[in-house]
Amino acid sequence: MPSLPCRRTAAPSAVRAAVRTGALSVLGALAAWQPAGAQIVSPIGTIERQAVPLPALRAIDGQDDAVADRVRVRFHSAAPESAAPESAAPEARATGETRVGIWAEGIGSIIDVDDARSDGDAFAGALGIDGLLTPDLLLGVRIGFDDTEFDTLFDGVPGILDSDALSVTFYGAHRMGAGWVIDGHFGYTRSNHDFSAAPPGTPSLGGEVRSDRFHVGLGASAPYALGPVTVTPRVQAAIAVESAVAFTDTAGNTFDTDRSTVAQASAGAEVAYPLSLAGVVLEPWVEGRVLVSADDVGAGSLVGEEIYGAAAAGLRVAWQRVSLSVEARAAGFGGRPYTDVSGLMRVGFDFE
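Here's a quick rundown of the structure. (Residues numbered from 1 in each chain as written. Predicted model: local features only at pLDDT ≥ 70, side-chain atom pairs only at ≥ 80, totals over all residues. Heavy atoms only, no water.)

**Re the overall build of the protein chain**
Stated formally: Numbering goes from the N terminus for both helices and strands, where a helix is a DSSP run of H or I of at least four residues and a strand is a run of E of at least two. For every residue, the accessible area (1.4 Å probe, protein chains only) is compared with the maximum for its type, and the residue is labelled buried under 20%, exposed over 50%, or partly exposed between those bounds. Residues are treated as being in contact if the distance between any of their heavy atoms lies within 4.5 Å.
A tally of helices and strands in the protein chain yields 4 helices and 16 strands. Within the protein chain, buried positions represent 44% of all 352 residues. Pairs at least 24 residues apart make up 63% of the contacts formed inside the protein chain by residues separated by at least 6 positions.

**Observations concerning the packing of aromatic side chains**
We count it as follows: Note on aromatic pairs: the rings of Phe, Tyr and Trp (six-membered ring only in Trp) are paired at centre separations within 6.5 Å, and the planes decide the class, stacked below 30 degrees, edge-to-face beyond 60, tilted for the rest.
This model, assessed by the stated rule, comprises 3 aromatic pairs. With a centroid separation of 6.0 Å and 50° between ring planes, the pair formed by Phe123 and Phe145 is classed as tilted. Here the residue Phe123 occupies a position in strand S2 (residues 118-134), and Phe145 occupies one in strand S3 (residues 137-154), the gap between them amounting to 22 residues. Assessed through its relative accessible area of 43%, Phe145 is described here as partly exposed. Judged by centre distance (5.1 Å) and plane angle (80°), the ring pair of Phe349 and Phe351 falls under edge-to-face. Among the residues examined, Phe349 registers a relative accessible area of 32% and is labelled partly exposed.

**A closer look at a nonpolar patch on the surface**
Put simply, the test is: For patches, a residue must show more than 30% relative accessible area and have no salt bridge; joins then use 9 Å for like charges and 5 Å for nonpolar side chains, namely Val, Leu, Ile, Met, Phe, Trp and Tyr. The method behind every accessible area is Shrake-Rupley, applied with a 1.4 Å probe, and residues are considered shielded solely by the protein chains displayed. A pair is scored as a salt bridge if a Lys or Arg side-chain nitrogen falls within 4 Å of a carboxyl oxygen belonging to Asp or Glu.
Where nonpolar side chains cluster on the molecular surface, the patch consists of Val100, Ile102, Ile129, Trp319, Val322, Leu324, Val326, Met345, Val347, Phe349 and Phe351 and spans about 860 Å² of accessible area. Looking at the nonpolar patch, the elements with two or more residues in it are strand S1 (100-113), strand S15 (322-334) and strand S16 (338-350). As for its position among the elements, Ile102 is in strand S1.

**Considerations on the environment of Ser109**
Considering the arrangement of structural elements, one finds Ser109 in strand S1. With a relative accessible area of 5%, Ser109 lands in the buried category.

Fair warning: the whole summary comes from geometry, so function is off the table for now.
What follows is the structure, encoded as structure tokens:
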């Protein structure tokens, strides 16, 4: 019986290979696909890491300036010992009617980063009280608050950093020989940082983190009379360590606990010309400083390792037990990547 012709079919192995290739292609496509939100590389961590040291550095400046002013009020307000005996009365001032003093200050600032990575403004205020335990030893406490807001631009992504801080600082000063006064401060700051960013073509992102900052500083100053002018050189060094707790942004990205360290040192001098008018002491002054700052954040930090200059001018007024100081300050000349222009008013009252 003749055999029936049969149709030739593809080898089973070839079919399996084709199916396998197709399945792998589909699986590969599925693996490569992610929801739109998961494709967002969050810039919130960059803002937190590179911008937060800036408020810390500004806080160092503010604390040092406040302590330096109290040293001037308590120990340098009278003419230095090299002046005529009838006008050199720091001991009489210290041991007499000015045992305890209170003071308050307010500061407004405008910050501009040269390469447009950030610009913003800040407002800070503080209340303080101090007392002379001995004619040569001053101890006090400062309670301050700070509200800072920056518009940031990292890697082409616009964002905002809004920081609120509350600090407690203990300070002291001791008058040495030859008119020199050594001062120091130590304090703690609790900050809340709110971040937001808007990567092009994606929904806005946000995050909030709490941080704890410890800071310590040392300074030294002494007034010298050059005719009617008083020259007061000052050196200062301070360091702040800030730890931010872990947090999650609105896209679900988690950022671990982070720690950053900021340090600053400066040297400069103030030149003042005290005047007396109807029982009121007027003291216009100017100041220049050279500063060095550094942090451990690395490339992209708004602080960085820089050498720069700062200048200030102001007027101090003293009448009986009341003192008033009005100042204008600018920092960032030279190497620092941003400039900081601020105005300050400080008022104090001494008790009997």
